[in-house]
Amino acid sequence: MTEVRPPAAPSAALWERDEELAAIAEAVDVLCADRSSPGTLMVLRGEAGLGKTALLAETRRIAERRGCTVWSARGGETLRTVPFNVVRQLLQPALVSLLPEEAREYLGDWYGIAGPALGITDPGDGHADPQGVCEGLVAAVRRLARRDWPLVLLVDDAHWADQETLYWLAAFAERLADLSVLVVVARRPGEISGVSARHLDAVAAAADRPVTNLSALTPEAAAGLTRATLGENADAAFCREVWAVTGGNPYETVELLAKVQDSELEPVEAHAGELRELNRSARGGGLVARLEELGIDATRFAWAAAILGDGITVDLVARLATLGADDAARCAERLRSARILTVPDPAAAGRTGQAELEFVHPLIATAVYNSIPDALRRAMHGIAAAARHLLEVHPDDDEELVWQLREAAREHLAVGAPDAARRCLERALEEPPRPEVHAHVLYELGSATFLTAPARTIGHLRTALGMPGLDGDRRLDAVIRLSQALLHNDQMEEAVRTVEAEAARLPAGPARMRLQAVQFMWEGVHAGETITAGRSERLAELAATCTGRDNSERALLILRGFDGMMRGENAEEIVEICDRALVNGRLAPGLGWTDAEWGVELLLMLASSYAYTDRLDRAESFFSEALQAYDTAGWSGGHLVLAHAYVGLAHRRRGRLEAAETSLRESLRHAERVGRGLPLYWTATCNLVDTLLARGHVDEAWAVAERHGFAPPYPSTVVLPDPRSVRGRLLLAVGRTKDGINELEAAEKAAAARGHQNPVHVFGAADLARALATEDPARAARLAVDVRRRAERLGTDTAIGEALRVAAALETGQRAVRLAAQAVTYLESSPCQYEHAAARIEHGTLARSVPDLERGLALARSCGADGLAEQARTELATYAGLR
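Residues numbered from 1 in each chain as written. Predicted model: local features only at pLDDT ≥ 70, side-chain atom pairs only at ≥ 80, totals over all residues. Heavy atoms only, no water.

Caption draft 1: Main features of helix α27 (residues 535–544). Within α27 the residues assigned to the buried category are Arg535, Ser536, Leu539, Leu542 and Ala543. All buried residues of α27 lie within an arc of 130° about the axis, which places them on one face of the element. Of the exposed residues in α27, the ones pointing more than 90 degrees away from its buried face are Glu541 and Ala544. At its buried positions, α27 is contacted by α26 (510–525), α28 (551–567) and α29 (571–580). (Buried < 20%, exposed > 50% of the residue type's maximum accessible area, 1.4 Å probe, protein only. Helix = DSSP H or I, 4+ residues; strand = E, 2+ residues; numbered from the N terminus. Arc of directions from axis to C-beta. Contact = heavy atoms within 4.5 Å.)

Caption draft 2: Highlighting unusual backbone geometry. With omega at -10°, the peptide bond leading from Trp149 into Pro150 counts as cis. In this structure, Pro150 sits in the loop between α6 (130–147) and β3 (151–156). Between Pro712 and Pro713 the backbone carries a cis peptide bond, its omega angle lying at 0°. For Pro713, the location among the structural elements is in the loop between α35 (698–707) and α36 (723–733). Even without a glycine there, the phi angle at Phe84 is positive, about 65°. Position of Phe84 relative to the elements: it lies in the loop between β2 (69–74) and α3 (85–96). Residue classification places Phe84 among the buried residues on the basis of a relative accessible area of 3%. The backbone of Asn584 sits at a positive phi, close to 55°, despite the residue not being glycine. Considering the arrangement of structural elements, one finds Asn584 in the loop between α29 and α30 (600–611).

Caption draft 3: Spotlight on the environment of Arg240. Within the secondary structure, Arg240 is located in helix α10 (residues 236–246). Residues Arg240 and Thr226 lie 14 residues apart in sequence; the distance between their C-alpha atoms is 9.6 Å.

Caption draft 4: Spatial organisation of the sheet that holds β2. The sheet built from 5 strands is open, its strands ordered β2-β3-β4-β1-β5 with parallel pairing. Only two strands of the sheet have a single partner each, and these edge strands are β2 and β5 (212–213). Pairing of β2 with β3, which is carried by 6 bridges, proceeds in the parallel orientation. Bridge pairing in β3 links Trp71 to Leu153. (Pairing = 2+ DSSP bridges.)

Here's what the structure looks like:
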């Protein structure tokens, strides 16, 4: 029988790993061959003891022999709740080598965003956006990787990595195509569930090759390893029993053979029956018994090491185990001799800085940790006193512990780890907190879950508001935060009732006015077909008393301007109201894009009011300011989705269609990560479909709509432009005329119910008039008259010019020509160049005017309106043929 063994294997755990080693060597060769080669991701999966760690150690040796830089990290069973623990380990060699000034230079704008998560700078006072921090970490590693090429990143025991690291790793894995780095991740199957499991699945999905599933040793390999360890005299029966007892698990095989050597057992069939007992002594209860044989001091030392989990130094363990320096050193030596603790591989020494010890295998660490009596384990976690251990301390009505947990939660939120903050605050509630602070803990918990679980936030904040303790500004903040959570949970009417009820219990003053403003804001963004009677009148009456002296008054002015814009009131009056909400033409302090008091919705209302009253210069300025503010602050979640979408909307209104498409595709890319079905997802999709239709890319617009679910039911919040109008225009464009007419009629009905009469963002009536021109000309004419009435009430060049285009489309002969010429006159003065191009081409077609067609063609080309340009070229060719 031929024995199977790897040639010159540096570790017994690498037997029968030829294929895996060859793949690793090939990946390292590719990495080193070309600095511009794409990155590679490999995932090793196997049960405990199958050699994942050994393969990573060999990867390090192969890579370092080729001159690669290698950074490595390991998840820890007792450290899974510590945010960014593993990514900090991974980057520690790079971070330690950088001076603060160098770190700032390498990380650039991301320094203040990713720095707190990496522990190289203090966090701010606010709540960091988790996705922004993740993007910052991705950018940080990408920049450092370019500096340290060729770079290999090794992540062991990824199933025990903290959730925040796994979130980063999944995002980083998606971006390896343009970054020459090799990432090797080792994990066990199963072990975790929920969000962390989804992140690990995303990592595996991004791998360049199928996940490598490690298998146990074959009987032949077990025999070869046995004879290589114990000598060629080990007989076949003894070798078969080694394999049967260990199941071919490489780690257990190595440990069992070490026990055989220690016991000086002769490797022959007569002693094969003793292998099972020896194997039991090397694991589980046998390991615990072996630990106890080393004495109480060594046992306590091992327990303390298991509690600490990572960054183990003799001095640190000694303090937790309450041992003197000499006794601790002796204990460490005993545990090394017993193959429980070991000195880390010198090649990996940079991974943990001052760490001097680690457990020989995670299986041993788990067994030692589980052997600690429950009460003592909790007490030792309490003595450890670091935030990462607070969750393990036994509840005991400890006021100081509640304070520590709240502080830890605050720090977690500041570095962008809301789930870690949630765990701390949930643990604080178990203590429990004193009655006077209980509501505050619930409020803080509601704030921590706001970005990730609005439904939980609702429960926490409702409970907090029903308890004594929340007063003044904090109660006001809690009510508004609750209403925001209800809004994000698609409970619009409940959000309105919540602030309305709280406002009713307050006397007249700034607090009540703030709540009234929030109520009007939620009513203003609600897209339902019912509206509180007299709402606009009450808002107008209240806003008329406002001079803009504080942010509550400014908010009411913005809301009044937005309401007037949606209702299609006079544009000059709307702009005058909005201007009063500004301070020297700028947003007031406390009303900035990253200020949390009022939220992004209010500022988007302000900028949109300018966008749909022909003040595009102001709208563009605000939208660009938002994008810059979110980029600088690292807010790459929903805020960045909206910023890109509204920048795209501004480009679309201006007539820069190619730029609009670029911004909107970027918005939709971010929106996919935030989640489908949300209002911001609709905003990105609706504007992209509208822009593609304007460009004449009908098939692509339909494909986007199908791919992203742009169809009823519509969201419960207002989307600009009106999605029903856009959907109706799309259906007409693809030839589904009847469906398009039905959709446009529904758009008109919904707009009328809400009092939305602005013909620029609710353009369903204009398109409906064109669609009905042949089958129902009388109704089409009535619709055209109504569109013109609305346009003249609004009074903008764009609205009136568009209404004249509709009227011209329904007429013939010289009357059509005159109306088309009037449309050109108005739209020439409009900031909306696409509509101007369309009017030029329509007038040129009706009047057979080559100069108008040529001007329209030039405008269409500059807008990126390919469909209009083709229409103009066709007409020009026709007239050239006639001449």
